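One letter stands for each residue in the lines below.
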Amino acid sequence: MDGKILIVGFGPGSYEHITVRAREAIQESQVIIGYNTYVDLIRDLLTNQDIVRTGMTEEVSRAQKAVDLATEGKVVAVISSGDAGVYGMAGLVYEVLIERGWRAGDNPLVEVIPGISAINSCAALLGAPIMHDACTISLSDHLTPWAVIEKRIEAAASADFVIALYNPKSGRRTRQIAETQRILLQYRDPKTPVGLVKSAYRDRQHVVRTTLDDMLNHDIGMLTTVVIGNSSTFYYDELMITPRGYQRKYTLDTMEQRLRPGERLKPENEPWSLNATTGECWTPTNPRSSSVQSGMTSPAGPTIRDVAATSDISPREWAAAALNCLNRAEKTSHVSTTLSTMVPSPRPSIFEIAVSPGVANKKFSSVQLVLLANLAGDEGEIEYTTAHQLILRTVTEDPEHIVKCLRDGGMTVLPVGDVIKVKACDFCDGEKHEGIPFAEEISRRLAGIPVEKELRIGFNGCAMSCYGAVNEDIGLVFRKGKFDLFLGGKTTGRNATPGQRVAEGIPAEEMPDLLERIVTHYRENAFPDERFHKFFARVGQIEGFNHRDRPQTVTADAVCGS
Ligand code: SAH
């Protein structure tokens, strides 16, 4: 009879978190081999299996016993908590088999059945701390030299990994966790969030939210997993959260652009992060909606919504309102550790902003270039782009100051990313200036507004159209006081095409309003990530202008005459 070794990870220790396959495997087996506590944890799933119980440190003999019994033809389940392949029995069983000359596919057959590891179960109880690159480190130096463990802690700390510490401390091993904290403090803010989860999903479950400098003041034991946040991890109410996007890029006035369109903080997508908890914190203005409620200022100070209700929101005001929310949450919170100690101090972030000398002006002065260089500093950079803008990236705690300097220096600043971009020509160096006021008005009204996908409006001041306005998503060609309008250009790709000329001779004073209506229609009705040309083709008509299908491409026979 063929023997079999089923290596079963049964999850954190509650029946609801055992996989169906793990249950089947336990039922299928004739012998269960496991550490005493583990056998007790799955006792109710056992029927008539023989049980081989062992002590904690007898892992090798457990693995040998399993191989012996399976070689005799028995179906043996070797059980591990969490996942059997994470500091569990899986590797050890293979090592014993290999030692005996076994090859993959030989008898006994081996199946490793995955389970929910402590890093996952503990993260779930804490909130969402493992949202970015993370690693596990076991602090047990029973089988690994401490020098190696130390190196790994150092590497993980310096590379800003979220870290789950397994086996952090036992009766005898108390030094390791203190040493780990010391190394981590060399790289991370003392207020970095740290979650301590003991006996996740078991009877004595205990969750503590603390910080790196405070973590040793709490009980940590053999059944604790310690989750250390990265430099972006934060507490929100009782939740420990690591943002999915790594660098927090400020943009001018819309917090939403820090995330890609598909990841935007929409209440329906990510209710934990928005007003689901308190109904008042973290409710950024919907950039599509112009009907922001006002008059909601509470006596306790401005809420995010109050701030958003003003037309000119600066990052500093956002931050102040966020802090205000947190302070209020602190007063009503049941969290044992005070939240104020957990609010990370402001840290420099990468501020990214598009800069140009103006809509019609294409020339930076040398003073402006020096100013840009100074603002970029040693750590920043300046990138030139196809959108008639430079992108300035600089590390700063005070984005508002950067914006002010740029504006004072006579430059136009706009957010980057999926926003409306207005690209105008230079109006023959200002000679053909009749169109300039219209270009400026359109830019003032529309540039920088968030959209599903970057939308470029090209503006040319005469029929030469030498800046290629007709190739943009929306093209405007100013001719003798009137506009020709082009819609749905596909700006890039093998099948790039100019926009369709949908109208000629639109009176100039009507153009800004008309354009605003076209853009509003797109903003309100586009699918996620849908570019303007696709949108135009899908809806078929915008503001009375009909979409026409393009002629089919003919595939030419490449070799002449054959
Ligand atoms: N195979 C297991 C890990 C075994 S090492 C897994 O994948 O989860 C033992 C360590 O795992 C413990 O010291 C503790 O750090 C962690 N651990 C296991 N179960 C846990 C639980 N229910 N709650 C918290 N930590 C747990």
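All values reported here derive from a predicted model rather than from experimental measurement.

A. Expanded view of helix α1 (residues 20-28). Within α1, the full set of buried residues consists of Ala22, Ala25 and Ile26. Taken down its axis, α1 places every buried residue within 100 degrees of arc, on the same side.

B. Region of the structure containing the site of the ligand. The environment of the ligand is formed by 20 residues, the closest being Val86, Ser117, Met222, Thr224 and Thr225. Interatomic distance of 3.5 Å between a side-chain N/O atom of Arg202 and a nitrogen atom of the ligand. For the ligand, whose unbound accessible area comes to 540 Å², protein coverage reaches 94%. Those elements that place two or more of their residues in the shell around the ligand are α5 (118-126) and β11 (224-228).

C. Representation of helix α6 (residues 146-158) in the model. Over its 13 residues, α6 extends 18 Å from the first C-alpha to the last, a length consistent with the 18 Å expected when each residue adds 1.5 Å. If you check which residues of α6 are buried, you get Trp146, Ile149, Ile153, Ala156 and Ala157. For α6, the angular spread of buried residues about the axis comes to 100 degrees, placing them on one side. Turned more than 90 degrees from where α6 packs its buried face, Ala147 and Lys151 sit exposed. At its buried positions, α6 is contacted by β7 (134-138), β8 (162-166) and α7 (175-187).

D. Up close: the sheet that holds strand β18 (residues 420-424). Pairing in this open sheet of five strands is mixed, and the strands run β18-β19-β20-β21-β22 from one edge to the other. In the strand order of this sheet, the two ends are held by β18 and β22 (500-507), each with one partner. Mean inter-strand twist for the sheet, computed between neighbouring axes without regard to direction, equals 20 degrees. Pairing between strand β21 (residues 482-487) and β22: five bridges, direction antiparallel. For Leu487, the partnering residue across the bridge sits in β22 and is Gln500.

E. Focus on the packing of aromatic side chains. In total, this model carries 13 aromatic pairs according to the counting rule given. Between Phe427 and Phe459, the aromatic rings sit 5.8 Å apart at their centres with planes inclined by 50 degrees, giving tilted as the arrangement. Separated by 32 residues along the polypeptide, Phe427 in the loop between β18 and α12 (436-446) and Phe459 in strand β19 (residues 455-460) bring together distant segments of the chain. Judged by its relative accessible area of 1%, Phe427 falls in the buried class. Their ring planes at 40 degrees and their centres at 6.5 Å tell us that Phe532 and Phe535 sit as a pair that is tilted. Linking Phe532 with Phe535, this pair stays in helix α14 (residues 532-539), spanning three residues, or about one helical turn. Here the two residues Phe532 and Phe535 agree in accessibility, since each one is buried.

F. Structural view of the pattern of salt bridges. Using the criterion set out here, one finds 29 salt bridges in the structure. Linked by salt bridges that have partners in common, Lys4, Arg21, Glu24, Glu28 and Glu111 make up one network.

G. Representation of the nonpolar core in the model. Counting 43 residues, the largest nonpolar core has Ile457, Phe459, Ile474 and Leu485 as the members making the most contacts within it. Among the elements that line this core, the one with the most residues is helix α13 (residues 511-525), at six residues. When residues no more than four places from it in sequence are discounted, the contact partners of Ile474 are Leu455, Arg456, Ile457, Gly458, Ala469, Leu485, Phe486, Leu487, Leu515, Ile518, Val519 and Phe532. Grouped together as the second largest cluster of nonpolar side chains are 21 residues, Ile149, Ile220, Val226 and Ile228 included.

H. Seen up close, the sheet that holds strand β16 (residues 390-396). An order of β15-β16-β14-β17 is seen for the four strands of this open sheet, with the pairing classed as antiparallel. Since the sheet does not close on itself, it has two edges, and those belong to β15 (381-384) and β17 (412-414), each with one partner. Averaged over all neighbouring strand pairs, the angle between strand axes comes to 30 degrees, with direction disregarded. In terms of strand pairing, strand β14 (residues 349-356) meets β17 through three bridges, oriented antiparallel. Directly across from Ser356, in β17, lies its bridge partner Thr412. Across the sheet, helix α10 (residues 366-376) touches β14, β15 and β16, and the angle it forms with β16 is around 40 degrees. Its contacts with the sheet place helix α11 (residues 399-408) against β14, β16 and β17, and it is angled at close to 20 degrees to β14.

I. Representation of the environment of Gly73 in the model. Turning to its location among the elements, Gly73 is positioned in the loop between α3 (59-71) and β4 (75-80). Residue classification places Gly73 among the buried positions, given a relative accessible area of 5%. For the pair Gly73 and Gly3, spaced 70 residues apart in the sequence, the C-alpha separation amounts to 3.7 Å.

J. The arrangement of the side chain of Gln181 in detail. As for its placement among the helices and strands, Gln181 is situated in helix α7. Those residues in contact with Gln181 that lie beyond four places of it in its chain are Leu212, Asp213, Met215 and Leu216.

K. Quick look at the side chain of Glu179. With respect to the helices and strands, Glu179 occurs in helix α7. Those residues in contact with Glu179 that sit more than four places away from it in its chain are Trp146 and Glu150.

L. Structural context of the environment of Ala70. Relative to the helices and strands, Ala70 is located in helix α3. Ala70 has contacts with Gly3, Lys4, Ile5, Val76 and Pro108, leaving out every residue within four places of it along the chain.

M. Local environment of the confidence of the model for the protein. Overall, the predicted model of the protein reaches an average pLDDT of 83, with 80% of residues at or above 70. Predicted confidence is poor over residues 246-313, with pLDDT under 50, and the contacts of this stretch with residues over four places away or in other chains come to 139 contacts. A low-confidence stretch, residues 328-346 (pLDDT under 50), is modelled with 31 contacts involving residues beyond four sequence positions or located in other chains.

N. Up close: unusual backbone geometry. Cis geometry marks the peptide bond from Asn107 to Pro108; its omega dihedral reads -10 degrees. Position of Pro108 relative to the elements: it lies in the loop between α4 (90-99) and β5 (109-113). Phi angles above zero are rare outside glycine, and Asp160 is one such case at about 60 degrees. Residue placement: Asp160 occurs in the loop between α6 and β8.

O. Here's a closer look at the packing of α12 against α13. Two elements in contact, α12 and α13, have axes separated by 10 Å at closest approach and are oriented at 30 degrees. One element, α12, and the other, α13, form an angle in the roughly parallel class. Crossing geometry of α12 relative to α13 is assigned as right-handed. Along its contact with α12, which presents Glu441, Ile442, Arg445 and Leu446, the element α13 presents Pro512, Asp513, Leu515, Glu516 and Val519.

The rules behind each value
- Residues numbered from 1 in each chain as written.
- Predicted model: local features only at pLDDT ≥ 70, side-chain atom pairs only at ≥ 80, totals over all residues.
- Heavy atoms only, no water.
- Buried < 20%, exposed > 50% of the residue type's maximum accessible area, 1.4 Å probe, protein only.
- Helix = DSSP H or I, 4+ residues; strand = E, 2+ residues; numbered from the N terminus.
- Arc of directions from axis to C-beta.
- Near = heavy atom within 4 Å.
- Polar contact = N/O pair within 3.5 Å; in protein donor to acceptor, adjacent residues only side chain to side chain.
- Areas by Shrake-Rupley, 256 points an atom, 1.4 Å probe, with all protein chains shown as cover.
- Expected span 1.5 Å × (residues − 1).
- Contact = heavy atoms within 4.5 Å.
- Pairing = 2+ DSSP bridges.
- Axes fitted to C-alpha atoms, helices over the stretch in contact; angles between N-to-C directions.
- Phe/Tyr/Trp six-rings, centres within 6.5 Å; stacked < 30°, edge-to-face > 60°.
- Salt bridge = Lys/Arg side-chain N within 4 Å of Asp/Glu carboxyl O.
- Core = buried A, V, L, I, M, F, W, Y, C linked by side-chain atoms within 4.5 Å.
- pLDDT = per-residue confidence, 0-100.
- Parallel < 35°, antiparallel > 145°, perpendicular 65-115°, else oblique.
- Left-handed = near helix turned anticlockwise from the far one by under 90°.

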